[in-house]
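Coordinates in review
Each chain is listed here by its residues.
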Amino acid sequence: MNTIGILTSGGDAPGMNSAIRAAVRTALNNGMRIKGIRNGYDGLMHGDIYEMNVSSVADIIHKGGTILGTARSLEFKDREGQERGAQILKDYGIEGLIVIGGDGSFKGAKALSDLGIKTIGIPGTIDNDMGYTDYTIGFFTAIETVSDAIGKLRDTSSSHGRAVVIEVMGRHCGDLALYSGLAGGGESIIVPEHEFSLDDIVEKMEHGRKRGKLHHLITLAEGVGDPYSIATELEERTGIETKVTVLGHVQRGGSPSAVDRLLGSTMGARAVELLLEEQTNLAIGFVDGKLIEVSIDEAVSKKSQFSENLYALANNLSK
Ligand code: ADP
Ligand code: F6P
């Protein structure tokens, strides 16, 4: 294999740049050419492709976001678009492709593999919603960002004797809310994996108030309920003033944590090794402290495993 391509797709995640850097440098060290495709599958459809060299990835390991840009492409979702994408890759002499992204991006990668492009997936998303890997690139940085915000909200909530509902990203996965709620010492965690009861939260708030707790921090995974209605109901029922903070896209930015840089670096290099072995349709993951590979089909079909133990722990520690 002489020439490979690399793209980032879906929501950006801190640590994507480490993976790009590792892939580019490993490819060049092995005498391959590597082309960057800007803005995910959308850029591919427009032939937004450039030759990368050792300097293209200089000074990026500490940078959030993705230097390649990312996008969501509707056009690429259907067969016609995918065939056009595969043809463009062939026209540019790209025989192998590294796709860094989430579930949707991996489905696109599988389609390209079926169309004869050797394709390897690297999991990059703050959601940690891919069941075949313990962690995705970006997740740990996002936990830092969210737990830092929870800490700040704790200060002001304690000062004012308030509760706060903090809406956290995650798409359909409660991991970010759970891990950051636990790390931030939040009192209540609402996630899609569990039915939630406002009665329980009311009871917890009242119990906390009786024992002199000044704040009550409720970490709410997006999509489970409307934070404003939840806050209004809690305030009406407890008499405790309850504010709302929607953290939004701030959760996706920032310099990647060391763990995300390590995940990105090891996975980026491994992806090139797999292409050198002429492998295709593989997703790289991190399981029990080691890099693993599974087929992309398996990667996208495996449901994310929610940690009941951590959920129970977070509840017990916040009583
Ligand atoms: P993520 O990769 O983070 O899950 P998306 O779900 O938005 O993000 O997917 C990113 C891109 O991957 C989409 O814009 C689309 O171009 C492509 N994609 C998503 N789903 C599919 C699919 N079922 N088949 C082919 N391509 C897909
Ligand atoms: O998949 C990452 C993610 O940040 C999700 O947590 C969130 O639901 C979504 O992307 C937001 O997407 P957009 O950047 O298009 O608003």
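Above this text you will find the structure in question.
Definitions and limits used
Residues numbered from 1 in each chain as written. Chains lettered and ligands numbered in written order. Predicted model: local features only at pLDDT ≥ 70, side-chain atom pairs only at ≥ 80, totals over all residues. Heavy atoms only, no water. Near = heavy atom within 4 Å. Polar contact = N/O pair within 3.5 Å; in protein donor to acceptor, adjacent residues only side chain to side chain. Areas by Shrake-Rupley, 256 points an atom, 1.4 Å probe, with all protein chains shown as cover. Nonpolar A, V, L, I, M, F, W, Y, C, P; charged D, E, K, R; others polar. Helix = DSSP H or I, 4+ residues; strand = E, 2+ residues; numbered from the N terminus. Contact = heavy atoms within 4.5 Å. Axes fitted to C-alpha atoms, helices over the stretch in contact; angles between N-to-C directions. Left-handed = near helix turned anticlockwise from the far one by under 90°.

For the rest of this paragraph, the subject is the site of ligand 2. Lining the immediate environment of ligand 2, one finds Arg 72, Thr 125, Asp 127, Met 169, Gly 170, Arg 171, Glu 222, His 249 and Arg 252. Between an oxygen atom of ligand 2 and a side-chain N or O atom of Asp 127, the distance comes to 2.6 Å. Side-chain polar atom of His 249 to an oxygen atom of ligand 2: 2.9 Å apart, as the coordinates give it. Considered on its own, ligand 2 offers 400 Å² of accessible surface; in the complex 75% of this is hidden by protein. When the residues that make up the shell around ligand 2 are grouped by side-chain class, the tally is one nonpolar, three polar and five charged.

Next up on the list: the environment of Asp 103. Assignment of secondary structure puts Asp 103 in helix 4 (residues 103-114). Linking Asp 103 and Ile 137, residues 34 residues apart in sequence, is a C-alpha distance of 13 Å. Not counting chain neighbours up to four residues away, the residues in contact with Asp 103 comprise Met 130 and Val 300.

Look at helix 1 (residues 16-29) against helix 9 (residues 258-276): their axes get within 7 Å of each other, and the N-to-C directions meet at 35 degrees. In the packing of helix 1 onto helix 9, the handedness of the crossing is right-handed. Two secondary-structure elements touch here, helix 1 through Ser 18, Ala 19, Ala 22, Ala 23, Thr 26 and Ala 27 and helix 9 through Asp 260, Arg 261, Gly 264, Ser 265, Gly 268, Ala 269 and Val 272.

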